[in-house]
Amino acid sequence: MENEFAVLYETVMDRKLNPEEGSYTSYLYSKGEEKILKKVGEECTEVIIASLSQSKEDLVNELGDLFYHVMVLMAQKEVSLQEVEAELAKRSNKKHNLKAERKPVTNY
Ligand SMILES: N=c1c2ncn([C@@H]3O[C@H](COP(=O)(O)OP(=O)(O)OP(=O)(O)O)[C@@H](O)[C@H]3O)c2ncn1[C@@H]1O[C@H](COP(=O)(O)O)[C@@H](O)[C@H]1O
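Report on the accompanying structure.

Cut-offs and rules
The numbering scheme is per chain: residues are counted from 1 as the chain's sequence reads. Predicted model: local features are reported for residues with pLDDT of at least 70 only, side-chain atom pairs are reported and counted for 80 or more only, and whole-chain, interface and lining totals are derived from all residues. Where side-chain values are given, they derive from all heavy atoms of the structure, hydrogens and water being excluded. Nearness of a residue to a molecule or strand requires only that one of the residue's heavy atoms be within 4 Å of it. Residues adjacent in sequence count toward polar contacts only when both atoms are side-chain atoms; beyond that, a polar contact is any pair of N or O atoms within 3.5 Å, and within protein one must be able to donate a hydrogen and the other to accept it. Accessibility throughout is a Shrake-Rupley quantity obtained with a 1.4 Å probe, and a residue counts as covered only by protein chains that appear here. Charged means Asp, Glu, Lys or Arg here, nonpolar means Ala, Val, Leu, Ile, Met, Phe, Trp, Tyr, Cys or Pro, and polar covers whatever is left, Gly included. When a carboxyl oxygen of Asp or Glu is within 4 Å of a side-chain nitrogen of Lys or Arg, the pair counts as a salt bridge. Helix and strand definitions here come from DSSP, where helices need a minimum of 4 consecutive H or I residues and strands a minimum of 2 consecutive E residues; each element is numbered from the N-terminal end. Working rule for contacts: check all heavy atoms of both residues, and any pair within 4.5 Å makes them a contact. Cavity means a closed set of points on a 1 Å grid over the protein atoms alone, one where a 1.4 Å probe fits but cannot get out, pocket means an open set with protein on both sides within 12 Å along at least 5 of 7 lines, and lining means a residue has an atom within 4 Å of a point. Grid points are joined across faces, edges and corners, and a volume is the space filled by probe spheres set on the points. In this analysis an axis means a line fitted to C-alpha atoms, helices contributing only their contacting stretch, and an angle means the value between N-to-C directions, from 0 to 180 degrees. An angle counts as roughly parallel when it lies under 35 degrees, as roughly antiparallel when it exceeds 145, as roughly perpendicular when it falls between 65 and 115, and as oblique in every other case. By convention the crossing between two helices is left-handed if the near helix lies anticlockwise of the far one by an angle smaller than a right angle, and right-handed if it lies clockwise. To sort residues, take the accessible area from a 1.4 Å probe on protein chains only and compare it with the maximum for the residue type: under 20% means buried, over 50% means exposed, and anything in between is partly exposed. Note: the arc covers the axis-to-C-beta directions of the helix.

### Concerning the site of the ligand
Close to the ligand lie 13 residues, the nearest being Arg15, Ser23, Tyr24, Thr25 and Lys39. A distance of 2.8 Å separates an oxygen atom of the ligand from a polar atom in the side chain of Arg15. Thr25 places a side-chain nitrogen or oxygen 2.5 Å from an oxygen atom of the ligand. In the complex, 54% of the free accessible area of the ligand, which totals 840 Å², lies under the protein chains. Grouping the amino acids of the shell around the ligand by side-chain chemistry returns four nonpolar, four polar and five charged.

### A few points about the pattern of salt bridges
This model, assessed by the stated rule, comprises seven salt bridges. Notably, a salt bridge pairs Arg15 with Glu20, separated by 3.5 Å at the nearest N-O pair. Of the charged contacts, one joins Glu42 and Lys39 as a salt bridge, the two residues approaching to 3.0 Å between their closest N and O atoms. With Glu42 and Lys39 both in helix α3 (residues 33–53) and three residues apart, the pair spans about one turn of that helix.

### Topic: the environment of Val72
Position of Val72 relative to the elements: it lies in helix α4 (residues 56–76). Residues Val72 and Ile36, spaced 36 residues apart in sequence, show a C-alpha to C-alpha distance of 7.3 Å. With residues up to four places along the chain from it excluded, the contact list for Val72 reads Val12, Thr25, Leu28, Tyr29 and Ile36.

### Side note on the layout of surface pockets
Regions of empty space are outlined by a rolling probe, equal in size to a water molecule, passed over the atoms. Space inside the largest pocket adds up to approximately 170 Å³. In this structure, the largest pocket is lined by Asn3, Phe5, Ala6, Phe67, Val70, Met71, Met74, Leu81, Val84, Glu85 and Leu88. Per-class residue counts for the lining of the largest pocket are nine nonpolar, one polar and one charged.

### Section: the packing of helix α1 (residues 4–17) against α4
One can describe the packing of α1 onto α4 by two numbers: an axis separation of 9 Å at closest approach and a directional angle of 50°. Here α4 runs oblique to α1, going by the angle between their axes. Where α1 crosses over α4, the handedness of that crossing is right-handed. On the side of α1, the interface is formed by Phe5, Leu8, Tyr9, Val12, Met13 and Lys16, while α4 contributes Phe67, Tyr68, Met71, Val72, Met74, Ala75 and Gln76. A class-by-class count of the residues in the contact of α1 with α4 yields 11 nonpolar, one polar and one charged.

### Looking at helix α2 (residues 24–31)
Every buried residue belonging to α2 is among Thr25, Ser26, Leu28 and Tyr29, and all of these are buried. Down the axis of α2, the sector holding all buried residues measures 155°, keeping them to one side. Residues of α2 that are exposed and point over 90 degrees away from its buried face: Ser30 and Lys31. Contacts made by the buried residues of α2 are with α1, α3 and α4. Put simply, Ser23 is the residue that caps the front of α2, since its side-chain oxygen is 3.2 Å from the backbone nitrogen of Thr25. Of the residues flanking the end of α2, it is Gly32, one or two places downstream, whose phi is positive at about 100°.

What follows is the structure, encoded as structure tokens:
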């Protein structure tokens, strides 16, 4: 399977550079950052609701919506996938991140 995250990022970046009639992504850019942030917030809430009370299929669907809107935000703010990947790679070298001052978990 192709890397769908990279494909989606390319598509939303292309919509930013070449707005298209009838494109939802172009519509979001035309509305601006506040609208995009509002959608990210909404989709986040929908992921929470799906996780708590809906099926796995619904959750996957809502996660798709969230990732899409996050990609639109990244493109809007000129954050590349590589930048986020580099941040994750830095963190992956560090294990056992639970803070020392946190109380030990005894009750599961
Ligand atoms: N992944 C997505 C994607 N996920 C969700 N959405 C749209 O996000 C919207 C979210 O639905 P809502 O009900 O929350 O919002 P709404 O009421 O339609 O719109 P608002 O008034 O709230 O802005 C829907 O219109 C979905 O179609 C997406 N739109 C586009 N993509 C990708 O972007 C590509 C380009 O799409 P266009 O920009 O439309 O050409 C597509 O091929 C897809 O790969």
